[in-house]
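Observations on the three-dimensional arrangement
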Amino acid sequence: EKGGHRHFMAKEIAEQPTVLGDALAHYLRDDTISLPEPGLDFSEFDRIVMVACGTANYACVVAKYWFERLSGLSVEVDIASEFRYREPPIPPRTLALFVSQSGETADTLAALRYCEGKAARIVSVVNVTESSIARESDLVLPIRAGAEIGVASTKAFTCQLTVLFLLALKGAHDRGRLDGEEMDAYLSALRHMPGLMNSALARSGDIGRVAKAVAEARDVLFLGRGAMFPLAMEGALKLKEISYIHAEGYASGELKHGPIALVDKSVPVIVMAPSDHLFDKTVSNMQEVMARGGKVLLITDTKGAKLAGDGCWKTLTLPEVEPMLAPILYALPAQLLAYHAAVAKGTDVDQPRNLAKSVTVE
Ligand code: M6R
């Protein structure tokens, strides 16, 4: 049942190229994005509100960068437990989007019910299509990740991101902000993702060696900029969840507003930064860390590794990827790092203490 893997989590990490490829094939017909009935027209909305918990919430934060950049719509993202009691105003031309692997998360379901009768449309992105959240939505977009058993969400995250990216492209198209050529370029970048993921998975051994060293730490910081910022938070969540190491994810630019006080030679600082237009800024943040004796683990591409120069504790390189899609690819080393750190510590990877796969009570 674990397909030769030691844990469900390892199996689910390894499945990502396949399930992501299947999800793409499901949503792409003749090179156009095809959504299930009754479909969605983004010219009907003025704004998007996205609500979820945990890893699904981080998928929403990544998607906020995409929706804003591609479709020009303003996006609000909130965690469901806050959203539901805050009773935020929902103007009529709002698209309300709920993301949940299980489709049964109590707070997310309550947030959805709050939007009923207020939002223009209620759309859910779920893995389990026979779930309460799916049942109560106007439109259900399955992520098609297959059963996810490990408590730590892995393949559901990258499949959520894939479906959300397709939605952002559809939004841009519906609002006249993306021509055919640009659309083709993004779709082709997405089609390359399973191959790139396979190269990332091939680095598992190297990541395992680094993870052994990370497993010795008491505290770990994850840094990222732009759409890599939510991925930093996701990397930290994964690590704390299964290895019980205290970890925090920060926007690189926030470092000097507080967290840099934590940095010394015992705190690994994991910087997730493809060589994009923000890379220079991230390098200067890394230098601030190194000047204080911090150990930087840089996860980047070959170009980024060159630009970063010397001084990093360790560097892991991934293939180059369309910058907007980097959070999907970089999720894999983040997951593998947490996985190998947990294995090194001997924790219960698939059933970490105090956690449930589906949180059906608030
Ligand atoms: O089933 P859901 O996607 O609604 O679950 C949301 C969170 O409980 C979930 O993502 C949790 O944070 C995971 N254990 C993270 O790995």
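This structure is a prediction, so every number in the text was calculated from the model and none was measured. (Residues numbered from 1 in each chain as written. Predicted model: local features only at pLDDT ≥ 70, side-chain atom pairs only at ≥ 80, totals over all residues. Heavy atoms only, no water.)

For Thr282, the location among the structural elements is in helix 11 (residues 279-291). Ignoring any residue separated from it by four or fewer positions in sequence, one finds Thr282 in contact with Arg225, Ser252, Val271 and Ala273. (Helix = DSSP H or I, 4+ residues; strand = E, 2+ residues; numbered from the N terminus. Contact = heavy atoms within 4.5 Å.)

Where strands meet in a sheet, backbone hydrogen bonds hold them as pairs that are either parallel or antiparallel. Ordered in space as 4-3-5-6-7, the five strands form an open sheet in which the pairing is parallel. At either end of the open sheet lies a strand with only one pairing partner, and these are strand 4 (74-79) and strand 7 (139-142). Geometrically, the sheet is characterised by an average inter-axis angle of 20 degrees between neighbouring strands, direction not taken into account. With five bridges connecting them, strand 3 (residues 47-52) and strand 5 (residues 94-100) associate as parallel partners. Bridging across to strand 5, Val51 finds its partner in Phe98. Contacting strand 3, strand 5 and strand 6 (121-126), helix 5 (residues 106-115) crosses the sheet at an angle of about 165 degrees to strand 5. (Pairing = 2+ DSSP bridges. Axes fitted to C-alpha atoms, helices over the stretch in contact; angles between N-to-C directions.)

A separate point is the state of the cysteines. A disulfide bridge is the covalent bond that connects two cysteines by way of their sulfur atoms. Scanning the model with the defined rule gives zero disulfides in all. Unpaired in terms of disulfides, Cys159 finds its nearest cysteine sulfur in Cys60, a separation of 15 Å. (Disulfide = S-S within 2.5 Å.)

This brings us to the packing of aromatic side chains. Within the structure shown, the criterion is met by five aromatic pairs. When the centroid spacing of 5.8 Å and the interplanar angle of 75 degrees are considered together, the rings of Phe165 and Tyr186 count as edge-to-face. With Phe165 in helix 7 (residues 155-174) and Tyr186 in helix 8 (residues 180-201), this pair connects stretches of sequence that are 21 residues apart. The two residues Phe165 and Tyr186 agree in class, both being buried. (Phe/Tyr/Trp six-rings, centres within 6.5 Å; stacked < 30°, edge-to-face > 60°. Buried < 20%, exposed > 50% of the residue type's maximum accessible area, 1.4 Å probe, protein only.)

Moving on: the environment of Ile79. Here Ile79 shows up in strand 4. When the C-alpha positions of Ile79 and Tyr58 are compared, they lie 9.3 Å apart, and in sequence the two are 21 residues distant. Beyond its immediate chain neighbours, meaning those up to four positions away, Ile79 contacts Val51, Ala52 and Asn57.

Counting 101 residues, the largest nonpolar core has Trp66, Phe67, Leu70, Leu164, Phe222, Met272 and Tyr330 as the members making the most contacts within it. Examining the composition of this core, we find that 13 residues originate from one element, helix 13 (residues 326-345), more than from any other. Other than its neighbours up to four places away in sequence, Leu70 contacts Phe165, Ala168, Leu169, Ala172, Arg177, Leu178, Tyr186 and Met324. (Core = buried A, V, L, I, M, F, W, Y, C linked by side-chain atoms within 4.5 Å.)

The subject of this paragraph is the packing of helix 2 (residues 16-27) against helix 8. Helix 8 packs onto helix 2 with a crossing angle of 175 degrees between their chain directions and a minimal axis gap of 9 Å. Considering the angle they form, helix 2 stands roughly antiparallel to helix 8. Side by side, helix 2 and helix 8 meet where Gln16, Pro17, Leu20, Gly21 and Leu24 of the first sit next to Leu190, Arg191, Met193, Pro194, Met197, Asn198 and Leu201 of the second. Taken together, the residues that form the contact of helix 2 with helix 8 break down as eight nonpolar, three polar and one charged. (Parallel < 35°, antiparallel > 145°, perpendicular 65-115°, else oblique. Nonpolar A, V, L, I, M, F, W, Y, C, P; charged D, E, K, R; others polar.)

It is worth spelling out the environment of Asp46 at this point. For Asp46, the location among the structural elements is in the loop between strand 2 (32-33) and strand 3. C-alpha separation for the pair Asp46 and Leu141, spaced 95 residues apart in sequence, amounts to 21 Å.

In this section: the site of the ligand. With respect to spatial proximity, 14 residues lie near the ligand, and among them Ser100, Gln101, Ser102, Thr105 and Glu241 are the closest. For the ligand, an oxygen atom lies 2.6 Å from a polar atom in the side chain of Ser100. Measuring from an oxygen atom of the ligand, one finds a side-chain N or O atom of Ser102 at 2.7 Å. Alone, the ligand offers 410 Å² of accessible surface; in the complex the protein occludes 90% of this. Sorting the residues of the shell around the ligand by element identifies helix 3 (54-71) and helix 10 (228-243) as the ones contributing at least two each. (Near = heavy atom within 4 Å. Polar contact = N/O pair within 3.5 Å; in protein donor to acceptor, adjacent residues only side chain to side chain. Areas by Shrake-Rupley, 256 points an atom, 1.4 Å probe, with all protein chains shown as cover.)

Across the sheet, which stays open at both edges, the five strands sit in the order 9-8-10-11-12 with parallel pairing between neighbours. Edge positions in the sheet fall to strand 9 (246-251) and strand 12 (314-318), since each has one partner strand and no second. Across the sheet, the mean angle from the axis of one strand to that of its neighbour is 20 degrees, orientation sign disregarded. Here strand 10 (residues 268-272) pairs with strand 11 (residues 295-301) via five bridges, running parallel. Within the sheet, the bridge partner assigned to Pro268 lies in strand 11 and is Lys295. Here helix 10 sits on the sheet in contact with strand 8 (219-224), strand 9 and strand 10, set at roughly 175 degrees to strand 9. Along the sheet, helix 11 makes contact with strand 10 and strand 11, crossing strand 11 at roughly 160 degrees.

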